[in-house]
Amino acid sequence: MCACLSEKGSLAQVKHVVLVLSGKGGVGKSTITTELALALVHAGKKVGILDVDLCGPSIPRMLSVGKPEVHQCDAGWVPVYADPQQKLAIMSIGFLLEDSDEAVIWRGPKKTALIGQFVSDVAWGELDILLVDTPPGTSDEHLAVLENLRKHRVDGAVLVTTPQAVSTGDVRREITFCKKTAVKILGIVENMSGFVCPHCSECSNVFSKGGGEELAKLTGSVFLGSVPLDPLLTATLEEGRDFLQAFPESSTYTAISQIVNTVLSSLDA
Amino acid sequence: MADVPNDAPEHCPGTSSDQAGKSSACQGCPNQNICASGAAKAPDPAIEEIRQKLTSVKHKILVLSGKGGVGKSTFSAHLSHALASDDSKEIALLDVDICGPSIPKIMGLEGEQVHQSGSGWSPVYVEDNLAVMSIGFLLSSPDDAVIWRGPKKNGMIKQFLRDVDWGEVDYLIVDTPPGTSDEHLSIVQYLSGAGIDGAVIITTPQEVSLQDVRKEIRFCKKVKIPVIGVIENMSGFVCPKCKNTSQIFPPTTGGAQRMCEELNLPLLGRVPLDPRIGRSCDEGRSFLTEVPDSPAAVAYQNIIFPFFCSLKTLHLVYFSLFIYTDVISH
């Protein structure tokens, strides 16, 4: 069942668009995108995830959607739904590759063209929020997303960092990117923020400490919160399971819920 | 012709693209006819210029990963430090992560600037025998963002290879961003005359990382770069208090070991998580000298040691280690 395409385009019935960005790779953008999406679905929202990491698409595995075929309807490409109730719609290049080990070895213009199609030609239908998961950097993919979303409002971006300076150093550049492209920064998430040993409960700052909060202060951004390094979170993502349903008592669940609530409040404001 | 000529429109696909002269962005460009005729796609003369420039560079090694944040820059920096501990060797470290250059910070060179001389750009020396080049040295502020499309990034990489006065170098280590895109294609293209000895692939144990790394390995096969081997980073964490090991990034599909077995590649080693690594990187110091007894430093030294042999024997050493480990584990 696909949505009707109104004259205004495939995003006409999407209420909010939020980018998930980081200058740095491997900080947890896809993880945070997935957990935000699941939390929003549990809160009764209809959510979409647009995965524009063309070289390293992580979203399909994290949501255990396998390799379904992408169909076309009159309104465009039908997104893949992660759930039978169709509350979580996804589009990723991961669905378009016959061989999941095949490398997408494309230069910028070709990436730009596909992202244009992902934004304009997917029949997203009615969504409360469309989350856009991005690769690290400030290059073709990021510019392509913003150019194609120009006709539609971008509510803002959530920036993800880990605590150490090597990470926040890149995220500062991403903040500059947002300022230059007039993307509102909804806030900064510090991921991998401390590890509590499951054997003795000692907390180790594996990737240093506090850098995310300092970065927020330095740049005048909202600090959305810290998410700890949690092997249970990593394992459920590996298996494509819903961490929030599996471990609702965990401190990671609490952290993610607080972040989601803050983001929702700033969107409704 | 430059990949993106100065008079090209904003969305120029690049003169070497299949769309050169044909895309909608090309309408009205003064170079449109040249591009459409294919004349602009003649082999880039820079390839030969770079081949000549790099005749003084004995070995070129790429550090790659499909995945971000696995420790490419950390390994590149520490491999360079370790190789440079031999005073008789000249080592060069080139950072082609244009959007997220980490090497200046990790090498303790933040704030350094590049100087021009008659023989080209001078790299920044962290030791007498260890030279570094990164776009980080060309930015005036830590907040400066490099918001460039592919063609402009390619032009920068060309300049790094052609215009930097590297001098006589035993090892040129090239640190790359994650992915299989412009930066990777450009490095391979511009070094096609000079040659690449091989690539070290970095991963972490979990499948979310391995699935991207397999793509990188395919990329290497497609562009014919020999894969020296794979390093599994962040491989377990030993709690400093109770000494129990936790798999923070669990190898749910067998980790790098199984991937290497399936793809017939050497597993060069596993490096455990150690908070002191991140701290050293943030402070711009080599953790090999800061905490030489840490299990992570020992793992790094074991991985790096065979690089001190000539690269001719490197493949043989790793191949024998691979066979030995395989025999031991069975």
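Residues numbered from 1 in each chain as written. Chains lettered and ligands numbered in written order. Predicted model: local features only at pLDDT ≥ 70, side-chain atom pairs only at ≥ 80, totals over all residues. Heavy atoms only, no water.

Looking at an unreviewed UniProt entry, chain B carries the name Cytosolic Fe-S cluster assembly factor nubp1, with the source organism given as Sinocyclocheilus anshuiensis. What UniProt records for chain B under Sequence similarities (unreviewed entry) is the sentence "Belongs to the Mrp/NBP35 ATP-binding proteins family. NUBP1/NBP35 subfamily." The record in UniProt for chain B states the following under Subunit (unreviewed entry): "Heterotetramer of 2 NUBP1 and 2 NUBP2 chains." (UniProt positions renumbered as here; feature names shortened; annotations may be inferred.)

Under an unreviewed UniProt entry, the name given to chain A is Cytosolic Fe-S cluster assembly factor nubp2, and the source organism is Sinocyclocheilus anshuiensis. In its Sequence similarities (unreviewed entry) section, UniProt records this for chain A: "Belongs to the Mrp/NBP35 ATP-binding proteins family. NUBP2/CFD1 subfamily." Per UniProt, chain A has the following entry under Subunit (unreviewed entry): "Heterotetramer of 2 NUBP1 and 2 NUBP2 chains. Interacts with KIFC1. Interacts with NUBP1."

A. Summary view of the domain arrangement of chain B. All names here are of chain B. If you check the domain split of chain B, you get domain 1 (1-42) and domain 2 (46-326). Measuring from the centre of the C-alpha atoms in domain 1 to the corresponding centre in domain 2 gives 33 Å. Contacts between the two partners involve 7 residues from domain 1 and, on the opposite side, 4 residues from domain 2. At the junction of domain 1 with domain 2, the criterion picks out 0 salt bridges. (Domains from an automatic or database assignment. Contact = heavy atoms within 4.5 Å. Salt bridge = Lys/Arg side-chain N within 4 Å of Asp/Glu carboxyl O.)

B. Representation of the confidence of the model for chain A in the model. Averaged over every residue, the pLDDT of chain A is 92; the share at 70 or more is 97%. Here residues 1-8 of chain A is modelled with pLDDT under 50, and outside its nearest four sequence neighbours on either side it reaches 11 contacts, counting other chains as well. (pLDDT = per-residue confidence, 0-100.)

C. The interface of chain A and chain B, seen in detail. Contacts between the two partners involve 57 residues from chain A and, on the opposite side, 62 residues from chain B. At the boundary of chain A with chain B, total buried surface from both sides reaches about 5000 Å², with 56% on carbon and sulfur atoms. Scanning the region where chain A abuts chain B turns up 6 salt bridges. The salt bridge involving Asp182 of chain B is made with Arg107 of chain A; its shortest N-O contact spans 3.5 Å. Linking chain A with chain B are 26 residue pairs in polar contact (both at pLDDT 80 or more). Per element, the largest residue contribution to the side of chain A that touches chain B is 9 residues, and it comes from helix α5 (residues 165-180) of chain A. (Buried area = accessible area lost by both parts, 1.4 Å probe. Polar contact = N/O pair within 3.5 Å; in protein donor to acceptor, adjacent residues only side chain to side chain. Helix = DSSP H or I, 4+ residues; strand = E, 2+ residues; numbered from the N terminus.)

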